[in-house]
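Per-entry structural report
Spelled out, the chains give:
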Protein chains: 8
Amino acid sequence: MEASEILRRVAAGALSVGDAEAELNAVYAPPFDDLGYATVDHARKARTGASEVIYCAGKTTGQIIGVMQNMLSRGTQNVLATRAAAEVFAEVASAIPDARYSEAARIISVERRPEPRSSAPVLILCAGTSDIPVAEEAFVTADFHGCDVRRLYDVGVAGIHRLLARLDILEEAAVIVVIAGMEGALASVVGGLTSRPVIAVPTSIGYGANFGGLAALLAMLNSCASGVGVVNIDNGFGAAMLAVKIVKNIGK
Amino acid sequence: MEASEILRRVAAGALSVGDAEAELNAVYAPPFDDLGYATVDHARKARTGASEVIYCAGKTTGQIIGVMQNMLSRGTQNVLATRAAAEVFAEVASAIPDARYSEAARIISVERRPEPRSSAPVLILCAGTSDIPVAEEAFVTADFHGCDVRRLYDVGVAGIHRLLARLDILEEAAVIVVIAGMEGALASVVGGLTSRPVIAVPTSIGYGANFGGLAALLAMLNSCASGVGVVNIDNGFGAAMLAVKIVKNIGK
Amino acid sequence: MEASEILRRVAAGALSVGDAEAELNAVYAPPFDDLGYATVDHARKARTGASEVIYCAGKTTGQIIGVMQNMLSRGTQNVLATRAAAEVFAEVASAIPDARYSEAARIISVERRPEPRSSAPVLILCAGTSDIPVAEEAFVTADFHGCDVRRLYDVGVAGIHRLLARLDILEEAAVIVVIAGMEGALASVVGGLTSRPVIAVPTSIGYGANFGGLAALLAMLNSCASGVGVVNIDNGFGAAMLAVKIVKNIGK
Amino acid sequence: MEASEILRRVAAGALSVGDAEAELNAVYAPPFDDLGYATVDHARKARTGASEVIYCAGKTTGQIIGVMQNMLSRGTQNVLATRAAAEVFAEVASAIPDARYSEAARIISVERRPEPRSSAPVLILCAGTSDIPVAEEAFVTADFHGCDVRRLYDVGVAGIHRLLARLDILEEAAVIVVIAGMEGALASVVGGLTSRPVIAVPTSIGYGANFGGLAALLAMLNSCASGVGVVNIDNGFGAAMLAVKIVKNIGK
Amino acid sequence: MEASEILRRVAAGALSVGDAEAELNAVYAPPFDDLGYATVDHARKARTGASEVIYCAGKTTGQIIGVMQNMLSRGTQNVLATRAAAEVFAEVASAIPDARYSEAARIISVERRPEPRSSAPVLILCAGTSDIPVAEEAFVTADFHGCDVRRLYDVGVAGIHRLLARLDILEEAAVIVVIAGMEGALASVVGGLTSRPVIAVPTSIGYGANFGGLAALLAMLNSCASGVGVVNIDNGFGAAMLAVKIVKNIGK
Amino acid sequence: MEASEILRRVAAGALSVGDAEAELNAVYAPPFDDLGYATVDHARKARTGASEVIYCAGKTTGQIIGVMQNMLSRGTQNVLATRAAAEVFAEVASAIPDARYSEAARIISVERRPEPRSSAPVLILCAGTSDIPVAEEAFVTADFHGCDVRRLYDVGVAGIHRLLARLDILEEAAVIVVIAGMEGALASVVGGLTSRPVIAVPTSIGYGANFGGLAALLAMLNSCASGVGVVNIDNGFGAAMLAVKIVKNIGK
Amino acid sequence: MEASEILRRVAAGALSVGDAEAELNAVYAPPFDDLGYATVDHARKARTGASEVIYCAGKTTGQIIGVMQNMLSRGTQNVLATRAAAEVFAEVASAIPDARYSEAARIISVERRPEPRSSAPVLILCAGTSDIPVAEEAFVTADFHGCDVRRLYDVGVAGIHRLLARLDILEEAAVIVVIAGMEGALASVVGGLTSRPVIAVPTSIGYGANFGGLAALLAMLNSCASGVGVVNIDNGFGAAMLAVKIVKNIGK
Amino acid sequence: MEASEILRRVAAGALSVGDAEAELNAVYAPPFDDLGYATVDHARKARTGASEVIYCAGKTTGQIIGVMQNMLSRGTQNVLATRAAAEVFAEVASAIPDARYSEAARIISVERRPEPRSSAPVLILCAGTSDIPVAEEAFVTADFHGCDVRRLYDVGVAGIHRLLARLDILEEAAVIVVIAGMEGALASVVGGLTSRPVIAVPTSIGYGANFGGLAALLAMLNSCASGVGVVNIDNGFGAAMLAVKIVKNIGK
């Protein structure tokens, strides 16, 4: 019910003042549950198109399971939890038997309601084999949200013909996620070769003057090719979420 | 002509070996002109959907005009030049009378061939009045590339009701560009309120521990809301180009 | 009128649905004016206890005057504008004759409604004479907001007896603002000598490994004395605003 | 006895020169004990309103216990020790049976003299569940010093309605401590919504371009909302001490 | 076969269109194998003079062995794998019995085809004994690629006569690799004493304001002596590869 | 008069309580003058062996002259003012005719009381001609304080024999000040060649990855030679003051 | 004369002890001139293959001319002076009429003795037109030292076919200097395409998160392609000197 | 024998050419031993007044023992080894039974020849108990080199009276070493209170915006008190060596 409808019913005597206040509250104050250690946002999917996601780092396993169970209790949303260690999953699986785990991506997921599938392909490129954990985090996240995800791994610029030989795969994609550590040059090269939006993910792969991924991050932000948006270092999840928002909302 | 067609014609005797070599060259080696001080990329629009753009900083006005005239000489592309001072435009206008200038955006443009218009709205938000030069760079760039661009300025989080009162404008957009200096919190707040992809532009507005925009940049990269891609500090141009690539290619 | 009262009047037929919607809007959506280049927040004083303040850096003088006139138009709030050059003030004074200017603080103010005075003293200390511009920005800001402000300048730790000789002035204060550049040690020393809350302002005074105030900023954040809150480098305004919020709200 | 009184008694022959020297010493040189590895400050509570606090990191358990016992030996002050591991507490508890431990906060406390309670509420907000250890350090510290402390956890800006729904809790507080990692936007949002002084605590929660809490720290220092003072990354203790100094001294 | 020859044969009917397409592919698209987790570049040696090298950090042992076996399968190249832990080698040795390991250098190598030896000496200097692991990485890499490598260890500037006494060794070298941590002054000193190109490798040896090798890195980049090229911190491998490219290609 | 003597006189009736309080004040609270914008420390020379020095950056010329005149008014100390532009000196010279100026060092000095000369030589080395302004700041400062100062300029490590040929000059010095920009290697080289304490001054000479002197600063802090103390970038004054404290106090 | 020969002559009575001492001095202590403000190194060419080069930044024009005249006075070396403003050259030209100036490179040169020419080509690539000043500094420096220098400008990765179309030019070079600002990806791409040693020069072209060239610098240091040595930001001179040392010494 | 004497003997036939060459070598090339992994500098004590010191981090225990035995073999110097873990000492003690170990300082020492004692006191202050490991490194180092070392621990500025009460101890010292973490303010305070040279040692004690000691380092470099020289973070050894060079050489 919108505010005007509520008021109309009050004017018509069809709604008491007390009930109307509660209804107004529902309009202006979307629902959440206060667990003490967490305030679970039950309106996030309606508002942003994706449920709240649990970032496991820094949380106790008890807190993680508590939030998951609360999210599932209303039956309206699926659960995704990132940066989850295998030991965390072991405990989660006892409490929530249909939870699944991708070890490569370090992601726990519970799918209770099938997510509608999108047909616009999301392509995930990574520069080297060492970048695969980040790439898999992106893969699992985008797949969970219903995307048609494709992968092309280890095509960094030290052997650029590996990419040039497969330019058609780039143009078939609706969005391209480019994941690279070290100097992160792959994002610029891809950006210069395609008409597709590029989401660049710097990784912390490397050492020394890499400074934990800073080198690739700065390189990607300064890309001489345009049409490149950057997410945090090692943030495969965030890149996938941006891709999801692009393919699921724009194409409508 | 594709490689297989060329070969077929050679086999059929319809194409000489010499001509075939030139044709193959055109397939594998897209055209460019070497001006000595510049190698103008005439294939960029075909490849990436947007012509080469001239970044004026660090170039002489003579070089800028030279590149513009070369680009226009083939009659296939328009010209956009960013970070152009008013004095540069004065000289450009003498050489190219139909060049136009946006002082707020510091952009010179020459439009010889009308760009097809997109109907998916691109919304440009900025946190404060001081961010307007960056916002205008984004506006002029997206408009030049055929987007339906809308603006909502000075809606930073210090007075968050200015944004909450107009959430409908957010959802009407296909893509939202969020421009903010200081602590850059607006990107996270918008990201948490909408299902639309967000392109965040940190600006150098601020002082002290702002470190030339670093504060907003790091904040945007670490956004707790997902679906946010970040471009370089003060890079209104880059944000617009990513928006263009999203709305013009995805919606097809 | 609160929401419940509005609803009651609607139920009683004393308010039409249309008028009620407008009233609800006023409750949930505080007022602002959209000038295109600025969205002036007319609810800020009611909400935060202090009117919106104009940060002049990066704004045209026309924009500054426009915002000032809009703020004054409703007759409910005074105007404070920081980081204003003398040339800006010259133009402002033509448009708004009762505007005043502190050159040392680079602040323009317009006081149309007398601010209630607080009796809890705010003490502003600075380490060296070179820190005075920042100290004066704090002084003018706190004075504008009705504080009883006191000053003690050039009492840095290289001659610590200058401070030790006047400890009584410290204890008389309700809040102490400590402003220091170079190594910023004064904040820790004051923090260790008093029971009063300390607001520390690092300044950019210094050179070399000072890195524009970073040295003092880090020192103040790492103070071994407790009860020290830090604001941005050279942010005399922000320190004063925190002091204002403390003395005007807590002491009630 | 003040210096003038001492002198008067000497002049009156009521005090010998030797005794007078000792008395003067007491005036100008407050008491401390030299344990070799520590110089325990027995005057800190009288001077700053709070006893010396033991920072356990980098100290041996023997040193920690030694300082605690010395502090307690004079019977005039309670003991608070931060950053204490559970193993440290185990040994402390053997030596000082009435010591208590908060595992969440990593704080050991010994309360021998009841601290007077303050009635001005201190509100502790945190953005996410992962920030709770820092929030609890603040909670235990403020509670130890007699504050009426309240908590609201996991109300970050990704789901801003969780905060907007409870604005009344903000205004009831005398001081608000805002704890957030990642981009730290919560401090600005709260600062823009309330008239209360805000103490912002950046946390190291996050990864990559978070750089151990630097992102949130810079964001908070550059807050576009005013009235925000910042403490060190993860410094829940320091934030609480500033809150204590505000509510216990200003409200008098 | 070059493109013109292919075309000629097509024109002569000696080559079918289908076969010709495959031949063209071979010209423009050098060979690689897609293992899913890796795209092995079989053209790198032909193109750059050195085979692809496996950077083991961040890869599973299974991936490392898989890439090695693929590389060896064509019988055209040797294998070098850097940053390999002893445990990795243990597994590799089971799968590839002729693999060898340098523990000091943390390098695994498999030599199936003898590398031609170069007679131009490469000299490896290091400043201190703690720099030896990096120096050995350089030694093994250069030796593997056929260089005549010489070593002079622990000749840092704190005892500069150790170097001055052996200047003849410097001039006998074709290229000098200088490895130093702490302040990295050795690169400048060597650069000022010799006519030979110097490749400088900063190491992470040191602590505090060394910042993981940043001090030496910046020093080497700012060398007041000319003729010094710098590689990444601790990158003995990279320094050796540059030396290899210099001595094996220039001297021809 | 010491405290015990004051008390004795009070006891003997030879001193009134009022006078005694003033005398005690003189013992515990050394003299200073409060000029509003400055609190001039008249006890600094007695306490630290050197008068207060005026750092001109950030001060108005009126403030500089005011502090100078106050310092000279008591007739007990000379005046040194650093970082003074030529225009500042022009005004100072009108007010204080015996003021002198070193343009190379940017120092104003007024010597009213001859400083006792020290015979322990202070040697000032600099790496390049561009470092001379910093070197002269050190020279003038040390000379003003009575040192026997010697200079050896442009002896950087790119031509190390320039230094090796004159090692005797090093050993004749009591203290050596080493001034260098770029990579700052000279400090380590000198530290390894001499038994004398070395005071290292990084300069901002250089560009790019020099980062305003950071490269030399880090290098000097990480010197592999021991016996090196470092001062701030470009701080010739500070280096000289440390040398003064060494030669004037230790040699007694 | 070597030391053994000197001794032999002394033993043979063919050389006096005094003369022998001078001869020994010449062996162990190469010649220099002390001008007070400069210690001109007359042995540098003999020792390092290249004369001392004057870095003009931070030097007075008088000092620059003085050093030039001293260098020329012995008739054994040419003069190169970098970072020279046009006004400096105007004064130099009055004193030294055969001095020449490259405005693009900001280099003054005086060639009195023809430098032997090398036939090994040095190729200078730059990514964009804005990088040309750095590229020209490299060009003039390498040309002055006798290299066969070639140029290919504006071939950055945003239009990578501009480079791929001319790979033959890369392989013809003995050494490749790659100059790029922004994200500096060109160095990695070139490194992956060639067997030639690559000298990478990051430039300060760009803005925001470029941080004055830091982005390109870190990218180049972290290149995933091997055989890349890096010099300081904007250091075209240094890159050329390393190329000179490679082609003039190795090829012998 | 000096060079002139050698020559004279050669001229007199009292020395053969071969022997003379060896003698010259001894003059110009001080002795060292090449162990392969180390080049032990046997001339360092003669040259710098202190033997080579072994920095154990990054060295194998075998290397450490090898260097120690080589140093002791000539019977002319004692041995000091810093940053040595207890397990390293266990092995050293087996090989060199008279080696001693300070666990607090992590230093191994072997004293075979008694060091002459200096009577000029070196005072070591530290700000907190957590700084003691660094302070003890300084203590053991200075004591090993013959200094009269005194200690005053835990006198940080949070309780500044602990220092003010003992100013006499400061003035009795010839040199003061000030060790502090967190904000490092103690160095400035001490520098402002004394005429003695101050050697400041920042420590890594602290967290968050301390950045591993950076906060204290920058503070100390920017000290507003003069006469302060700074060494690397946690470098108690280096501070002591500078103190040793001051008291043992200046006081002569």
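Conventions adopted
Residues numbered from 1 in each chain as written. Chains lettered and ligands numbered in written order. Predicted model: local features only at pLDDT ≥ 70, side-chain atom pairs only at ≥ 80, totals over all residues. Heavy atoms only, no water. Helix = DSSP H or I, 4+ residues; strand = E, 2+ residues; numbered from the N terminus. Buried < 20%, exposed > 50% of the residue type's maximum accessible area, 1.4 Å probe, protein only. Contact = heavy atoms within 4.5 Å. Areas by Shrake-Rupley, 256 points an atom, 1.4 Å probe, with all protein chains shown as cover. Lys, Arg positive; Asp, Glu negative; His and termini not counted. Charge placed at Lys NZ, Arg CZ, Asp CG, Glu CD. Arc of directions from axis to C-beta. Least-squares fit on C-alpha atoms with pLDDT ≥ 70 in both. Buried area = accessible area lost by both parts, 1.4 Å probe. Salt bridge = Lys/Arg side-chain N within 4 Å of Asp/Glu carboxyl O. Nonpolar A, V, L, I, M, F, W, Y, C, P; charged D, E, K, R; others polar. Polar contact = N/O pair within 3.5 Å; in protein donor to acceptor, adjacent residues only side chain to side chain. Axes fitted to C-alpha atoms, helices over the stretch in contact; angles between N-to-C directions. Parallel < 35°, antiparallel > 145°, perpendicular 65-115°, else oblique. Left-handed = near helix turned anticlockwise from the far one by under 90°. Disulfide = S-S within 2.5 Å. Domains from an automatic or database assignment. Phe/Tyr/Trp six-rings, centres within 6.5 Å; stacked < 30°, edge-to-face > 60°. Lys NZ or Arg CZ within 6 Å of the ring centre and 35° of its normal. Pairing = 2+ DSSP bridges.

1. Let's talk about the overall build of chain A
A count of helical and extended segments in chain A gives 11 helices and 11 strands. Taking all 252 residues of chain A together, 68% fall into the buried category. Restricting the contact set of chain A to residue pairs at least 6 apart, pairs at least 24 apart contribute 65%. Within the structure as shown, chain A displays about 8,000 Å² of accessible surface, and the carbon and sulfur contribution to it stands at 51%. Between the centroid of the 21 positive side chains of chain A and the centroid of its 26 negative side chains there is a distance of 4 Å.

2. Remarks on helix α5 (residues 86-95) of chain D
Residue and element names in this part refer to chain D. What α5 keeps buried is the set Val88, Phe89 and Val92. Buried residues of α5 fall within an arc of 95° about the axis and therefore sit on the same side. The outward face of α5, more than 90 degrees from its buried face, is lined by the exposed residues Glu87 and Ser94. In this structure, the buried side of α5 is in contact with α4 (61-73), β5 (100-102) and β6 (107-110).

3. Let's talk about the relation of the copies chain D and chain B
Expressed as a screw operation, the relation of chain D to chain B combines 0.0 Å of axial shift with a rotation of 180°, fitting to an RMSD of 0.1 Å. The superposition operator between the copies reduces to a two-fold rotation axis. In terms of proximity to the rotation axis, the leading residue of chain D is Ala185 of chain D, whose C-alpha is 2.5 Å off the axis. The overlap is high: 100% of the interface residues of chain D also sit at the interface in chain B, so the same surface is used on both sides.

4. Here's the deal with the relation of the copies chain C and chain D
The transformation that overlays chain C on chain D combines an axial shift of 0.1 Å with a rotation of 180°, and the residual RMSD is 0.1 Å. By residue overlap, the copies meet face to face through one surface: 100% of the interface positions of chain C are interface positions in chain D.

5. Some points on the interface of chain C and chain D
Listed as interface residues are 32 residues of chain C and, on the opposing side, 32 residues of chain D. Summing both sides of the interface, chain C and chain D together bury roughly 2,700 Å²; the carbon and sulfur share of this comes to 58%. The tally of links between chain C and chain D comes to 0 salt bridges. The element contributing the most residues to the side of chain C that touches chain D is helix α11 (residues 236-250) of chain C, with 7 residues. Looking at side-chain class alone, the side of chain C that touches chain D contains 15 nonpolar, 13 polar and 4 charged residues.

6. A word on the interface of chain D and chain B
Every contact between the two is made by 24 residues of chain D and, on the other side, 24 residues of chain B. Taking both partners together, chain D and chain B bury about 1,900 Å²; carbon and sulfur atoms supply 72% of that area. Taken as a group, Glu183, Asn222 and Cys224 of chain D account for 30% of the area that chain D buries against chain B, more than any other trio of residues on that side. The interface formed by chain D and chain B holds 0 salt bridges in total. At the boundary of chain D with chain B, the tally comes to 10 residue pairs in polar contact (both at pLDDT 80 or more). Ranked by residue count, the leading element in the side of chain D that touches chain B is helix α10 (residues 214-221) of chain D, at 5 residues. For the side of chain D that touches chain B, the residue count by class is 18 nonpolar, 5 polar and 1 charged.

7. Focus on the environment of Pro202 of chain E
Residues and elements named next belong to chain E. Among the secondary structure elements, Pro202 is positioned in strand β10 (residues 198-202). The class of Pro202 is buried, set by a relative accessible area of 0%. For the pair formed by Pro202 and Leu218, sequence separation is 16 residues and the distance between their alpha carbons is 8.7 Å. When residues no more than four places from it in sequence are discounted, the contact partners of Pro202 are Ala180, Gly213, Ala216, Leu217, Met220, Val230, Val231, Asn232, Ile233 and Asp234.

8. A word on the environment of Glu23 of chain D
With respect to the element layout, Glu23 of chain D can be found in helix α2 (residues 17-28). The spacing of Glu23 of chain D and Arg113 of chain D is 90 residues in sequence and 27 Å in space, taken between C-alpha atoms.

9. Concerning the side chain of His145 of chain F
Here His145 of chain F is to be found in the loop between α6 (132-144) and β8 (148-153). Aside from chain neighbours lying at most four places away, what touches His145 of chain F is Ala50, Leu80, Glu115, Pro116, Met241, Val244 and Lys248 of chain F.

10. With respect to unusual backbone geometry
One can expect most non-glycine residues to show negative phi and most peptide bonds to be in trans. Residues other than glycine seldom take positive phi values, yet Phe211 of chain B does so here, at roughly 50°. Of note, Phe211 of chain B is situated in the loop between β10 (198-202) and α10 (214-221). Of note in this structure, Arg106 of chain G is not a glycine but carries a positive phi near 60°. Along the chain, Arg106 of chain G falls in the loop between β5 (100-102) and β6 (107-110).

11. As for the packing of helix α4 (residues 61-73) of chain A against helix α5 (residues 86-95) of chain A
Residues and elements named next belong to chain A. Taken N-terminus to C-terminus, the directions of α4 and α5 make an angle of 40°; their axes are 10 Å apart at the nearest point. Relative to α5, the element α4 is oriented oblique. In this structure, α4 meets α5 at a crossing whose hand is right-handed. Contact residues: Thr61, Ile64, Ile65, Met68 and Gln69 in α4; Val88, Glu91, Val92 and Ala95 in α5.

12. Considering the state of the cysteines
Scanning the entire structure with this criterion turns up 0 disulfides over all chains. With no disulfide partner, Cys147 of chain D has as its closest neighbouring cysteine sulfur the one in Cys126 of chain D, 18 Å distant.

13. Looking at helix α10 (residues 214-221) of chain E
Structural remark: α-helix, 3.6 residues per turn; residues separated by three or four positions point the same way. Extensive coverage of α10 of chain E is indicated by the burial of 8 of its 8 residues. Burial in α10 of chain E covers these residues: Leu214, Ala215, Ala216, Leu217, Leu218, Ala219, Met220 and Leu221 of chain E.

14. Side note on the pattern of salt bridges
Under the definition given, this model contains 137 salt bridges over all chains. Measuring nitrogen to oxygen at the nearest pair gives 2.9 Å for the salt bridge that ties Arg44 of chain D to Asp41 of chain D. With respect to class, Arg44 of chain D is no different from Asp41 of chain D; both count as buried. Through salt bridges that share partners, Glu5, Arg8 and Arg9 of chain A make up one connected network.

15. Describing the domain arrangement of chain A
Residue and element names in this part refer to chain A. As assigned here, chain A comprises domain 1 (31-110) and domain 2 (121-248). Relative to domain 2, the C-alpha centre of domain 1 lies at a distance of 26 Å. Of the roughly 990 Å² buried between domain 1 and domain 2 on both sides combined, carbon and sulfur atoms contribute 71%. Its largest share of buried area at the contact with domain 2, domain 1 owes to Leu80, Arg83 and Ala104, together 37% of the area lost on that side. Put simply, domain 1 and domain 2 have 1 salt bridge between them.

16. A look at the packing of aromatic side chains
In this structure the tally under the stated criterion is 16 aromatic pairs over all chains. Here the aromatic rings of Phe89 of chain F and Tyr101 of chain F are separated by 4.9 Å at their centres, their planes lie at 10°, and the arrangement is stacked. Here Tyr101 of chain F lies in strand β5 (residues 100-102) and Phe89 of chain F lies in helix α5 (residues 86-95), a separation of 12 residues in the sequence. Take Phe89 of chain F: its relative accessible area is 18%, and that puts it in the buried class. Here Tyr101 of chain F falls in the partly exposed class, since its relative accessible area comes to 23%. Between the NZ or CZ atom of Arg151 of chain C and the centre of the ring of Phe139 of chain C, over which it lies, the distance is 3.5 Å.

17. With respect to the sheet that holds strand β3 (residues 54-55) of chain H
All names here are of chain H. Spatial strand order, β3-β4-β6-β5: 4 strands in an open sheet with mixed pairing. At either margin of the open sheet sits one strand with a lone partner, and together these are β3 and β5 (100-102). Note that β3 and strand β4 (residues 79-82) share 2 bridges and pair parallel. The residue bridging Ile54 from the neighbouring strand is Ala81, located in β4.

18. Focus: the sheet that holds strand β3 (residues 54-55) of chain A
Residue and element names in this part refer to chain A. Spatially, the 4 strands line up as an open sheet ordered β3-β4-β6-β5, and their pairing is mixed. Two strands in the sheet have a free side with no partner beyond their single neighbour: β3 and β5 (100-102). Here β5 runs beside strand β6 (residues 107-110); their pairing, made up of 3 bridges, is antiparallel. Across the sheet, the residue bridging to Ser102 is Ile107, located in β6. Of the strands in this sheet, β4 (79-82), β5 and β6 touch helix α6 (residues 132-144), which is tilted by about 10° from β6.

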